[in-house]
Amino acid sequence: MKPTKHLFMLFIVLLASRVALRGQCAIQGKLSDTLHVPVSFNPIGLLNYSDSSIVKGVMTDADGNYCIDAIKKGSYCLKISALGFTTYYSDKIDYDSTHSISLATILLQKGGINLNEVSVAAQKKAVEFKNGNIIVNVEGTALSMGNTAYDLLSRLPGVSVSDGNISIQGKSGVKILIDGKLQQLSGAQLINVLKSMNASQIEKIEVLKKPPVKYDAAGTGGMINIKTKKIKLVGFSGNVFADYSQGFYGNPTGGFSLNYKGRKMNFFSGFSANRAWYQHQSDFKNYITYDSTETVLHQDFISKESGNFETYNLGADWFINKSNSIGIKMNGAFGFGNEERTATTSISDNSLGYSALQYNSKKPNPWIYPEFNINAEHFFDTTGTALRFSTDYNPYWDIYNAGFDNHFLDNQNNDIVNPTVFTTSNTLYFTNTSALLDFEKEFKKEFKLETGIKHSYQEMLSDYNLQNQNYVTGEYSIDPNFTNVYDYKQNISAGYINLSKSYKKLSFQMGVRGENTIINTISKSNGSGFNRQYFNLFPLVSLDYKKSDNHAFSISYNKRVNRPDYNSFNPFRIFRSVLSSDQGNPYLKPEYSHDISFTYSYKTWMNHSINFSRIYNTFMNYSTQNDSSKTTLNTQANLKWADVYSYSLFIQKDLFKWWSVNLNATVFHINANGMINNQLYTISTVAFMPDLFSRITLSKGYSIEINAFYLSPFLEGVYYTKSRSNVSVAFKKTFLEDKLSIALAFKDIFLGQIRNTTTNYQNQHSIGRQTFDTRRVNISVNYNFGKLKVQQRQIKDTEPKAKSGK
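Presented here is a report on the structure given in the accompanying data block. This one's a predicted model, so the numbers in the text were calculated from it and none came from an experiment.

Quick word on the environment of Ile-226
And then number 1: Summarising the element assignment, Ile-226 is placed in strand E17 (residues 222-228).
And then number 2: Accessibility expressed as a relative area gives 0% for Ile-226, which makes it buried.
And then number 3: When the C-alpha atoms of Ile-226 and Asp-179 are compared, they prove to be 6.0 Å apart, with 47 residues separating the residues in sequence.
And then number 4: Once you skip the residues sitting within four places of it in the chain, Ile-226 turns out to touch Ala-149, Ile-176, Leu-177, Ile-178, Asp-179, Leu-194, Met-197, Ile-202, Lys-204 and Ile-205.

Below, the structure written as structure tokens:
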């Protein structure tokens, strides 16, 4: 029986037992007025005591009683707003996850404020440092409004993005999670997903340099977890947003969400649409020596990159009782991309028989990525003992069509030979399925157990063909040398266990994750392929010592893996032009990292981190060059090893009550060694990467945010990249009790995101300059709506409506 069937059977047993197993209240009490008349059917918000952020919400019953269950150990407080009463805030409530807390009856005081609408808002710190990880609270920040998830990645402290490749503190192999779920897509498909997600859908982004073992072991560079907004208070809520961004082209965006959270049911929905047009310019010179003669190929191109990105989500949660809940969700994205490029490559001599190559290309790309999820949760008690089940099914379709029109010109720009016209088509079919079961138990004396199992299956079928046009007849014919149907299958079965214990000033965590990987590939055109199977253990050990409120120390070790994806394995050539193409490497091995980190925190506002990583079988993107034909082939190989040393300083300080500053500065040094194209290749490079975020909060709802980023010159693989920077500023004004917000942002003011590169390795010598459409002006409008009808019911059978806070 397959692992997914085992999980499904266990899920059925879990639901069948829901009546017998019922939870208890973690915090309970009664709500009355000063005459001891119960305040019935009134919402109560549970807030984090440290930052006043919303944890969850409940409704009092007909007798004014309330029960808050299924919460973790921590410090909380209650916020209660009711029609005709002053807003009530409780004292600090310390919940130890073991003993239920019964509060004294809360007596609301009469007030003269007529609350037709009630909202619970909290101003979180924009950037936080917790357990060696950095958390960026996106929700409500002016600089995030009007951006996509992909835009936000390059603004994360310690994160850099180059040509779609994401790295943390100089380490590539970064994996993306959305709400804790690993995204199986990579390359252009992953970028489509991230560009489809608007910042208005995101609550926060976590940069995880040492992910827990309950997450997949994938990601030698760490993980980035994008957490979407959740409904936390009962009632109706929603928002409408619109953005317009102007660079070389103007890009509009809009969308909405509509949610309802009741005592028994949750419903949530949303839709967003983004129209994006960008200009990309490149100037590239390649110096090629053949038979003692140097030829210079000078390529200059301008491309217009466009895309329609739509996202949707629809789902429901059913709270069967205090112990059990089940949810179903359907979400996804679809769109249409296109790249129109006009390029000219001038040649300094006649070694190729022509003086210039002029080509035009169009690359339309329709795609559909639907996702389906069923999940369930069971709480055995109020101490944190829980069992969670989730299964996903994601069928994806992606079609890449391209047309290339190549003209070979003489010195007078006349065709010297017949033009070469060809088309390519690559139809991709993806199937991703997974199921997991997680169990956690908190024992007495600060001891916690977490364990779980997961199985995932991924299949990618690529149907690629190239058709050449007959110049005389105009008819197209398939070229069998560049036509292939390629099938990639991957099965990963995993299990983990994690133990954590706190004793006085010490906290210890020890966990291990085991993953068995099976990969099968085959070319259905020629029958070639391979099968691989390997099992690995991935331990995680950490020790934390809090000497005092001013000084805390942490040290950890973990091991991770980065597997080659379907694009990296595919051995068949895909053309960019007649002079450039890409090809995968079926002999790539997975890379493994061993990471050690040490962190020192002073008064929670200053944090120092020292990290060392040894990576084996390091992935390396490179190109080979044929000096005679002047063609290049882009591919990938394994280096033997790479060492990454890094130091990070994180400072979070409120200079005044109205002015906060966050500074993250990282220095990293990379050493690498291995063979490329049968020749020894070594890397030794150092880079400095500071990031500054500052928020100034003014009166009457005004605020200003500034973000500045700098990345010093360093060697990225075989490309030496000059420094890059980005300075952005945003102004925000809120209205209607913070329900309506308008932001005006100026992005990359000094156009510092230009990418200048040089290459000097083996027989390749080149310089390049790429300019992206990053200098933009953005205006964003966001309106949160919803009412909390907190008056007592006039008719016994009429349920009150309520607003959901987020």
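On we go from here.
Regarding the state of the cysteines
And then number 1: In this structure the tally under the stated criterion is one disulfide.
And then number 2: Note that Cys-25 is cross-linked by a disulfide to Cys-67, the S-S spacing being 1.9 Å. Here the S-S torsion is close to -115°, and the disulfide linking Cys-25 with Cys-67 is therefore left-handed. With Cys-25 in the loop between helix H1 (3-16) and strand E1 (27-33) and Cys-67 in strand E4 (residues 65-68), this residue pair connects regions lying 42 residues apart in the sequence.

Quick look at the sheet that holds strand E16 (residues 202-208)
And then number 1: Read from one edge of the open sheet, six strands run E10-E11-E16-E17-E14-E15, paired in mixed fashion. The strands lining the two open edges of the sheet, one partner per strand, are strand E10 (127-130) and strand E15 (181-182).
And then number 2: Where strand E11 (residues 133-137) lies against E16, four bridges are found, and the strand directions are antiparallel. Following the sheet pairing, Val-136 is matched in E16 by Ile-205.

Concerning the side chain of Asp-748
And then number 1: Looking at where Asp-748 falls in the secondary structure, it is placed in the loop between strand E46 (740-747) and strand E47 (755-761).
And then number 2: No salt bridge is formed by the buried Asp-748, whose closest oppositely charged neighbour, Arg-775, lies at an N-O distance of 6.5 Å.
And then number 3: Not counting residues up to four positions away in its chain, the partners in contact with Asp-748 are Ser-725, Asn-726, Val-727, Ser-728, Gln-753, Thr-774 and Arg-775.

Focus on the sheet that holds strand E34 (residues 580-582)
And then number 1: Spatially, four strands are ordered E33-E34-E38-E37 in an open sheet, and the strand pairing comes out mixed. The open sheet has two free edges, formed respectively by strand E33 (574-575) and strand E37 (619-626), since each of these has just one partner strand.
And then number 2: Bridging between E34 and strand E38 (residues 631-638) involves three bridges; their strand directions are parallel. Among the inter-strand pairings, Asp-582 is bridged to a residue of E38, identified as Asn-634.

Concerning the pattern of salt bridges
Note that side chains of opposite charge can pair when their charged atoms are close.
And then number 1: In this structure the tally under the stated criterion is 22 salt bridges.
And then number 2: In this structure, Glu-515 engages Arg-513 in a salt bridge whose closest nitrogen and oxygen atoms are separated by 2.8 Å. Each of the two residues, Glu-515 as well as Arg-513, counts as buried.
And then number 3: Asp-643 is paired through a salt bridge with Arg-614; the nearest N and O atoms lie 2.3 Å apart. With Asp-643 in strand E39 (residues 641-656) and Arg-614 in strand E36 (residues 606-616), the pair connects residues that are 29 residues apart, well separated along the chain.
And then number 4: For Arg-614, a relative accessible area of 23% translates into the label partly exposed.
And then number 5: Taken together, the shared-partner salt bridges connect Glu-339, Arg-341 and Lys-363 into one network.

Some details on the nonpolar core
In globular proteins that are soluble, nonpolar side chains generally tend to be buried together.
And then number 1: Judged by nonpolar contacts, the single largest core of 58 residues is most densely connected at Ile-224 and Ile-226.
And then number 2: Element by element, the count of residues in this core is highest for helix H2 (residues 149-153), at four residues.

Side note on the packing of aromatic side chains
And then number 1: Following the criterion strictly, the structure yields 31 aromatic pairs and no others.
And then number 2: Between Phe-656 and Trp-659 the ring centres are 6.4 Å apart and the planes differ by 20°, which places this aromatic pair in the stacked class.
And then number 3: On the numbers, 5.5 Å between centres and 90° between planes, the contact of Phe-668 with Phe-714 is edge-to-face. Pair noted here: Phe-668 is in strand E40 (residues 659-676) and Phe-714 is in strand E43 (residues 714-716), with a separation of 46 residues, a long-range link.
And then number 4: With a relative accessible area of 2%, Phe-668 lands in the buried category.
And then number 5: A relative accessible area of 7% means that Phe-714 is categorised as buried.
And then number 6: What links up through ring pairs into an aromatic cluster is the set Phe-309, Trp-367, Tyr-369, Tyr-396, Phe-430, Tyr-488, Phe-530, Tyr-566 and Phe-569.
And then number 7: Between the NZ or CZ atom of Arg-614 and the centre of the ring of Trp-641, over which it lies, the distance is 4.8 Å.

Brief notes about a nonpolar patch on the surface
And then number 1: Judged by side-chain polarity, Tyr-244, Phe-731, Phe-735, Leu-736, Ile-742, Leu-744, Phe-746, Ile-749, Phe-750, Val-777, Ile-779 and Val-781 come together as a nonpolar surface patch covering roughly 1,000 Å² of accessible area.
And then number 2: Tracing the backbone through its elements, the reader meets Val-781 in strand E49 (residues 776-785).
And then number 3: A relative accessible area of 33% means that Val-781 is categorised as partly exposed.

Things to note about the pairing of strand E2 (residues 43-48)
And then number 1: Counting buried positions over the six residues of E2 gives five, a clear majority of the element.
And then number 2: Bridge analysis of E2 against strand E3 (residues 54-59) gives five bridges, and the strand direction is antiparallel. Residue pairing for E3: Leu-46 is matched across the bridge by Lys-56.
And then number 3: In this structure, the hairpin formed by E2 and E3 is closed by a connection of five residues, where Ser-52 is found at a positive phi of approximately 65°.
And then number 4: Here E2 pairs with strand E5 (residues 74-80) via five bridges, running antiparallel. Paired with Asn-48 across the two strands is Tyr-76, which belongs to E5.

What counts as what
Residues numbered from 1 in each chain as written. Predicted model: local features only at pLDDT ≥ 70, side-chain atom pairs only at ≥ 80, totals over all residues. Heavy atoms only, no water. Helix = DSSP H or I, 4+ residues; strand = E, 2+ residues; numbered from the N terminus. Buried < 20%, exposed > 50% of the residue type's maximum accessible area, 1.4 Å probe, protein only. Contact = heavy atoms within 4.5 Å. Disulfide = S-S within 2.5 Å. Pairing = 2+ DSSP bridges. Lys, Arg positive; Asp, Glu negative; His and termini not counted. Salt bridge = Lys/Arg side-chain N within 4 Å of Asp/Glu carboxyl O. Core = buried A, V, L, I, M, F, W, Y, C linked by side-chain atoms within 4.5 Å. Phe/Tyr/Trp six-rings, centres within 6.5 Å; stacked < 30°, edge-to-face > 60°. Lys NZ or Arg CZ within 6 Å of the ring centre and 35° of its normal. Patch = residues over 30% accessible without salt bridge, like charges linked within 9 Å, V, L, I, M, F, W, Y side chains within 5 Å. Areas by Shrake-Rupley, 256 points an atom, 1.4 Å probe, with all protein chains shown as cover.

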